[in-house]
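Fold and contact review
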Amino acid sequence: MSDIAQRSDARLHLPTAQYIGAAAINGPLVMVSGVRGVAYGETVQIAGRDGRLRRGRVVEVGADRAVIEVWSGTSGLVAADTSVRFVGRPLEIAVAREMLGRVFSGSGEPLDGLPRPVAERLADVNGLPINPTARQYPRSLIVTGISVIDCMNTLIRGQKLPIFSGSGLPHNELAAQIVRQAHLLEGNEPFAIVFVALGIRHDDAEFFRRSLQESGALNRTAMFLNLASDAPMERIMAPRAGLTLAEHLAFEHDMHVLVIMTDMTNYGEALRELGSQRGEVPSRKGYPGYLYSDLASHYERTGIVRGRKGSITQVPILVMPNDDISHPIPDLTGYITEGQIVLGRELYGQAVYPPINVLPSLSRLMKDGVGEGYTRADHPALSNQLYAAYARVGDIRSLAAVVGEEELSDADRRYLAFGAAFERQFLNQGRDENRSLEQTLDLGWRVLSQLPRDELTRVSEQLLDAHYRPPAAAAGATTNEA
Amino acid sequence: MERAGDIIWINGPVMRARMATGLQMLEQVEVGEQHLVGEVIALQGDIATLQVYEETIGLRPGAPVYGLGMPLGVELGPGLMGGIYDGIQRPLEAIEARSGIYISGGIAAPALDRERRWPLEPALTVGQTLHGGETLGAIVETPLVTLRLPVPPDVDGEVTWAAPAGDYRVTDTVARVRTASGERELNLMQRWPVRQPRPSAGRLPPVTPLITGQRVIDTLFPIARGGTAAVPGGFGAGKTVLQQALARWCDADIIIYVGCGERGNEMADVLREFPHLSDPKTGRPLIERTILIANTSNMPVAAREASIYTGITLAEYYRDMGLHVALMADSTSRWAEALREISGRLEEMPAEEGFPAYLPSRLASFYERAGRVSTLSGQEGSVTLIGAVSPPSGDFSEPVTQHTQRFVRVFWALDKALASARHFPAVNWVDSYSGYVEEISPWWAEHVSDAWAAHRARIVDILQGEGRLQEIVRLVGPDTLPDAQRYLLFVARLIKDAFLQQSALDAVDAYSTPPKQAAMLALLANIYDRGLAIIARGAPVGRLQDEVTLWPQVRRLGSTVANQDTTAIAALQEQLYAQLAAIEEDYRHERHSATI
Ligand SMILES: Nc1ncnc2c1ncn2[C@@H]1O[C@H](COP(=O)(O)OP(=O)(O)O)[C@@H](O)[C@H]1O
Ligand SMILES: [Mg+2]
């Protein structure tokens, strides 16, 4: 297996140094002593008696000693027989536009039996921070055809908007539906998909492949697969590889790239495993203290920069252990991403699809991407009012559980009717149902009109005049027309 | 620059060097051929431990270390306003010009432009004695900001030469002073070590509110100029929007906004908006009084640790000119985590949740740099500190929130449930508090309304009463409550909808002047008292709720009545009184008409 990094050495005539024998091997870590001139963070190739070449990087280096983190597992290595080669460069992968339509391992090796693509360039997988002054604030709405997203949690091109799910909930179906239906309100520009599988089951990866194939997007998709059965350490590499390609496509090829990474929880666990093997002081639930910075180094590789035509949008998926949103992975993710779409088991149990738990869901970039000049003038207030009213439904349902529904006031009963309509008509939709933005917003007003007009103070009188149609009046209007 | 030693060990941003010559504790260093910026954080024997503020990938043992002979510092002088800097004050715009869309390491760019000339209006005359902190001269840096440049605090002597009015570069000598230790040349800039507070002549009591235009803050939980506040809240609770709203509307002279370990797009948002938003007082673009320090979550973690010190040092500099400065740090938790990360790499003994034992003392010394002071030159200046806190899983019992709470006097607790219901700002009225209410009450009485304190107390009572009653309601429903209490619940909901909620995104509602706040407050307090009196006469609460048709208008006051239109609020109050009076009419002779 000739390694990409090796080719780069030949081209750049950089010194490489080889050592035989490791001082110690501990989990994914290999200690080598007697080394000279090793750089922090540089790539290492390690071969054992089995002849298999593994890659890693230097995570700590002293005057004559280096600690190496090995990506593809240390099993089969024997300390005395391990040959360690320092490549003299940071971890890089070859990137090229022709990687679209192809399938790679988490570290970027072809898995589809086809030859290695011809590199347009070698890129450092860690990337570099985007200068905040170079960022262009994202404002173009991506219509997904899913009402609750388009009206209340809009996806914006250049946004990082994760799906927080629970095991067994239909996050894959939802992500696939978003991929199938997503389009801009106007214009049709070249787009690409980077799909990164992180420790998921084979059938989940296959589901995505098939769904991309059916929608005809497969030849515009690069897949990086680290499945449940693959080395967990390579999971650390996979998002880096995928995002490095995404940056190349977006900022060198002017493409609009949608990155789907699933499941970030598996990624976090791999990081935790590595941290504990390095003997680090853990913070919450055994996760390393730098989990936030590490996750941010991936999520922040999203966005639009001035002077380049492309963009990167991320929809990471993560399964919350125990459905617990306060678990470190969803918690820190929520602190970094620009909102979150949260799936709920209760709605799922009531056969509502998509079972999106509206109250904890949020799109932070929505405030600047909707309304007059972007979508429709009534959009922001409508969304706000739906949120406020639906939150009240929750309170009234709890009250009804105490005093009984009969004891509720008239207004409260209408809230319950609104809640039911909201969940059954607005939230619920078909897996192939692609609603236009107009349809979605009008539907929003229709369910809102179940409530007394005086309750709707989050919207202005003018908007109410234009859109509020209580059921009876609506029926009256239809009769008049007929 | 002298080679002080060689690197012998590297672990991310932390490294050790064997010293050839002595380095001092906290001395600024440069490492490697790229001259990466760092700082000495520990000394033991001939080994110095360094933290480096830039990406260290590619650095090798044996790399040279250069000592700069002074602690990590910032450049102070004209030309910072409207700029955006990283955590160690490197100008991000200049970096973009050199290295493109990505930040690469080893780019040295001075914070202050060395070529630009500034029109100086000198304040010195030859022969006068000059003390530290006194004014060298004035420069109009932007239409919003006039700098009265303070001479460095350690200057003391007689002016032997002073430059005439004219245009000068920051490094040009503009005065000479004969001091005990020899002649000293002064120019328009000075360096100051970020970890060392700048001196003042003494503290003054915090008696003036920092008006933010946010009703729940100014009226319920006010902050004083020179005060300290924490904004804790889980993700999405509204910390950033609130901090940005304060940066926009608060009546400070200078805003320092520190984006510490947060999102790149949020900084881009400020950069995009502030040039187009105008200062409510002067109508000038807000960017003219704002400095941004951006060390986003994906930028080197050690520079994140430095960023809040860079911010506070800039703030003190403007304070020393007699200006009122407000600093927002979003988020101090990310700063604490940077501290934890570096501490972990040093293999220090952790205290709570992996944080080093010195976390509380670091937090204390940061917040202690806030204050309203008498400057060395006898003027009044202030630094107000507002720090966001991002507790893991929104749980306020974690170490950063807990320790911060000990060192701040205002606590704006953001509530996840309120944010989910889109009640913004999601400031929880039960858990939040302000320690400045007493001290600033006279200001409201003098400048806005005599009744402010009384009305405020009324509203606080209602909200607290509501909290107690809700517990009963949760158990048995509202119907068992007497009418007066149900009316209290009704008015409490009105207060939340009309007064406490305030959309930062609404053109009218985003900012409420003190008179508008006071008028709304008065209306709510008066309506409560009036209604209560009618209920006491026997009117059922249902009639007040149903027959008064103006409640929706009250709920929409924030976004329908412009700031200059406070009479409209008084007018609405009169109409409400009239509708209430119509109900009251039926109960005027309650006792006699019982038979009707
Ligand atoms: N004062 C406010 N007015 C209107 N919307 C707000 C306000 N505060 C927060 N929001 C909404 O909540 C979202 C999250 O707020 P943000 O300040 O980014 O949260 P945090 O910094 O606590 O994670 C924003 O994108 C916005 O939609
Ligand atoms: Mg925030």
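The structure displayed is predicted, hence computed values, not measured ones. (Residues numbered from 1 in each chain as written. Chains lettered and ligands numbered in written order. Predicted model: local features only at pLDDT ≥ 70, side-chain atom pairs only at ≥ 80, totals over all residues. Heavy atoms only, no water.)

1. Some thoughts on the overall build of chain A
Operational definition: Starting at the N terminus, helices and strands are each numbered in turn, a helix being any DSSP run of H or I of at least four residues and a strand any DSSP run of E of at least two. Radius of gyration: over C-alpha atoms. The globule rule applied is 2.2 Å multiplied by the number of residues raised to the 0.38 power. Whether a residue is buried, partly exposed or exposed follows from its accessible area with a 1.4 Å probe, protein chains only, as a fraction of its type maximum: under 20%, in between, or over 50%, in that order. In this analysis, two residues are considered to be in contact whenever any of their non-hydrogen atoms come within 4.5 Å of each other. Residue burial considers only the protein chains on display, and all accessible areas are found by Shrake-Rupley using a 1.4 Å probe. We treat Lys and Arg as the positive residues and Asp and Glu as the negative residues; His and chain ends play no part in the count. Note on charges: their place is set at NZ of Lys, CZ of Arg, CG of Asp or CD of Glu.
Across its full length, chain A holds 14 helices and 22 strands. Rg of the C-alpha trace for chain A: 26 Å, near the compact-globule value of 23 Å for 482 residues, within the 12% margin. Viewed in the frame of its principal axes, chain A has a C-alpha envelope of about 90 × 50 × 40 Å. Counting across all 482 residues of chain A, residues that qualify as buried make up 61%. Taking contacts inside chain A between residues at least 6 apart in sequence as the whole, the part at least 24 apart equals 73%. Entry remark: accessible area of chain A is about 17,400 Å², with carbon and sulfur atoms responsible for 49%. Of the side chains in chain A, 49 bear a positive and 57 a negative charge, and the two mean positions are spaced by 5 Å.

2. Overview of the overall build of chain B
Tallying secondary structure elements over chain B gives 17 helices and 26 strands in all. Along the three orthogonal principal directions, the C-alpha set of chain B runs to about 105 × 55 × 40 Å. Looking at the 596 residues of chain B, the share that counts as buried comes to 61%. In chain B, of all internal contacts separated by at least 6 residues, the share reaching a separation of at least 24 is 71%. For chain B, the accessible area works out to roughly 21,500 Å², and carbon and sulfur atoms hold 51% of it.

3. Examining the pattern of salt bridges
Using the following cut-off: Salt bridge criterion: a side-chain nitrogen from Lys or Arg within 4 Å of a carboxyl oxygen from Asp or Glu.
Evaluated as defined, the whole model comprises 71 salt bridges over all chains. A salt bridge links Arg240(A) to Asp294(A); its shortest N-O distance comes to 3.2 Å. Note that Arg240(A) is positioned in helix α5 (residues 234-252) and Asp294(A) in helix α7 (residues 291-299), a separation of 54 residues in sequence. In this structure, the salt-bridge partner of Arg493(B) is Asp497(B), at a minimum N-O distance of 4.0 Å. One end of the pair, Arg493(B), and the other, Asp497(B), are both in helix α12 (residues 483-500), four residues apart, so they sit about a helical turn from each other. Residues joined in a network through salt bridges with shared partners are Glu262(B), Arg263(B), Glu266(B), Arg334(B) and Glu337(B).

4. Some words on the pairing of strand β15 (residues 175-179) of chain B
All names here are of chain B. Just so we agree on the cut-off: Strand pairing requires that DSSP identify at least two bridges connecting the strands.
Across the two faces of β15 the burial differs, with Ala175, Val177 and Thr179 buried and Arg176 and Arg178 not buried at all. Pairing analysis gives five bridges linking strand β13 (residues 156-162) to β15, with the strands arranged antiparallel. Residue pairing across strands places Gly157 opposite Thr179, the latter belonging to β15. Of the strand pairs in this sheet, β15 and strand β16 (residues 182-186) are connected by five bridges, and their pairing is antiparallel. Bridge pairing links Val177 to Arg184 in β16.

5. Notes on helix α11 (residues 452-476) of chain B
Since the α-helix turns once every 3.6 residues, residues separated by three or four places project in the same direction. Short version of the rule: Each helix should span, by expectation, one fewer than its residue count multiplied by 1.5 Å.
Here α11(B) spans 36 Å end to end across 25 residues, near enough to the 36 Å set by a 1.5 Å rise per residue. Within α11(B), the full set of buried residues consists of Trp452(B), His455(B), Arg456(B), Ile459(B), Ile462(B), Leu463(B), Gly465(B), Glu466(B), Leu469(B) and Val473(B). Tucked into the core, α11(B) has its buried residues touching α10 (379-403) of chain A together with α2 (215-220), α10 (437-447), α12 and α13 (514-536) of chain B. The positive-phi residue at the C-terminal boundary of α11(B) is Gly477(B), with phi of around 85°.

6. Notes on the packing of α11(B) against α12(B)
Residue and element names in this part refer to chain B. Stated precisely, the cut-off is as follows: Orientation is described by lines fitted to C-alpha atoms, with helices fitted over the stretch in contact, and by angles between N-to-C directions that extend from 0 to 180 degrees. By definition in this entry, angles of less than 35 degrees are roughly parallel, angles greater than 145 are roughly antiparallel, angles of 65 to 115 are roughly perpendicular, and the rest are oblique. Crossings are sorted by hand: turned counterclockwise from the far helix by less than a right angle, the near helix makes the crossing left-handed, and turned clockwise it makes it right-handed. Amino acids are sorted into nonpolar (Ala, Val, Leu, Ile, Met, Phe, Trp, Tyr, Cys and Pro), charged (Asp, Glu, Lys and Arg) and polar (every other residue, Gly among them).
Where α11 contacts α12, the axes come no closer than 9 Å and their chain directions differ by 120°. Considering the angle they form, α11 stands oblique to α12. As for the relative orientation of α11 and α12, their crossing is left-handed in sense. The residues of α12 that touch α11, namely those facing Ile459, Ile462, Leu463, Gly465, Glu466, Leu469, Gln470 and Val473, are Gln485, Leu488, Leu489, Val491, Ala492, Ile495, Lys496 and Leu500. For the contact of α11 with α12, the residue count by class is 11 nonpolar, three polar and two charged.

7. Looking at the side chain of Asp150(A)
All names here are of chain A. Within the secondary structure layout, Asp150 lies in helix α2 (residues 147-152). One buried charged side chain, Asp150, makes no salt bridge at all; its nearest oppositely charged neighbour is Arg435, positioned 8.9 Å away. If sequence neighbours within four positions are ignored, Asp150 has contacts with Ile142, Val143, Thr144, Gly145, His379, Arg435 and Leu437.

8. Notes on the confidence of the model for chain A
For residues with low pLDDT, the predicted coordinates do not support detailed interpretation. Residue and element names in this part refer to chain A. Note the cut-off: Per-residue confidence from the predictor is reported as pLDDT, a score between 0 and 100.
Averaged over chain A, the pLDDT score is 90; the fraction of residues at 70 or greater is 94%. Scored below 50 in pLDDT, residues 1-14 shows 28 contacts in the model against residues more than four places distant or in partner chains. Between residues 474-482, whose pLDDT stays under 50, and residues either more than four places distant or in other chains, the model counts one contact.

9. Notes on a nonpolar patch on the surface
For clarity, the cut-off: Here a patch means residues that are over 30% exposed by relative accessible area and free of salt bridges, tied together within 9 Å if like-charged and within 5 Å if nonpolar (Val, Leu, Ile, Met, Phe, Trp, Tyr).
A cluster of nonpolar side chains, Met25(B), Leu26(B) and Leu43(B), forms an exposed patch at the surface whose accessible area comes to about 230 Å². Secondary-structure assignment places Met25(B) in the loop between β2 (14-19) and β3 (27-31).

10. Describing the environment of Ser297(A)
Summarising the element assignment, Ser297(A) is placed in helix α7. C-alpha separation for the pair Ser297(A) and Val196(A), spaced 101 residues apart in sequence, amounts to 16 Å.

11. Things to note about the sheet that holds strand β14 (residues 166-168) of chain B
By way of backbone hydrogen bonds, the strands of a sheet pair with one another, either parallel or antiparallel. All names here are of chain B. Strands sit in the order β12-β11-β9-β14 across an open sheet of four strands; the sheet is antiparallel. Whereas interior strands pair on both sides, the edge strands pair on one side only; in this sheet they are β12 (145-150) and β14. Put simply, the sheet's adjacent strands are angled 40° from each other on average, direction ignored. Pairing between strand β11 (residues 135-142) and β12: six bridges, direction antiparallel. Note on β12: the bridge partner recorded for Ala138 is Arg148.

12. Points about the sheet that holds strand β18 (residues 256-262) of chain A
Residues and elements named next belong to chain A. Read across the open sheet, the eight strands follow the order β9-β17-β16-β18-β20-β14-β21-β22; overall the sheet is mixed. Looking at which strands have only one partner, the edges of the open sheet turn out to be β9 (103-105) and β22 (362-363). Here two bridges tie strand β21 (residues 339-342) to β22, and the two strands are oriented antiparallel to one another. Each residue of the ladder has a partner; that of Gln340, found in β22, is Leu362. Relative to the sheet, α5 contacts β9, β16 (191-200), β17 (221-227), β18 and β20 (311-319), its axis offset from that of β16 by approximately 175°.

13. Observations regarding unusual backbone geometry
Looking along the chain, the bond that leaves Asp330(B) and enters Ser331(B) is cis, with omega of 10°. Relative to the assigned elements, Ser331(B) resides in the loop between β22 (324-330) and α6 (332-345). The amide bond that connects Phe424(B) to the next residue, Pro425(B), takes the cis arrangement and shows omega of -10°. Residues other than glycine seldom take positive phi values, yet Asp323(A) does so here, at roughly 60°. Structurally, Asp323(A) can be placed in the loop between β20 and α8 (328-336). Residue Arg422(B) is not a glycine yet carries a positive backbone phi of 60°. With relative accessibility at 11%, the residue Arg422(B) sits in the buried group.

14. Side note on the side chain of Arg235(A)
Residues and elements named next belong to chain A. Definition in use: Each polar contact in these results corresponds to two N or O atoms within 3.5 Å; when the atoms are within protein, one needs to be able to donate a hydrogen and the other to accept it, and residues that are neighboring in sequence are counted only if both atoms are side-chain atoms.
Following the sequence through the fold, Arg235 ends up in helix α5. The buried charged residue Arg235 lacks any salt bridge, with Glu273 as its nearest oppositely charged partner at 6.4 Å. A distance of 3.2 Å separates the side chain of Arg235 from the backbone oxygen of Asp230, its partner in a polar contact. Those residues in contact with Arg235 that sit more than four places away from it in its chain are Leu198, Gly199, Asn226, Leu227, Ala228, Asp230, Asn266, Tyr267 and Ala270.

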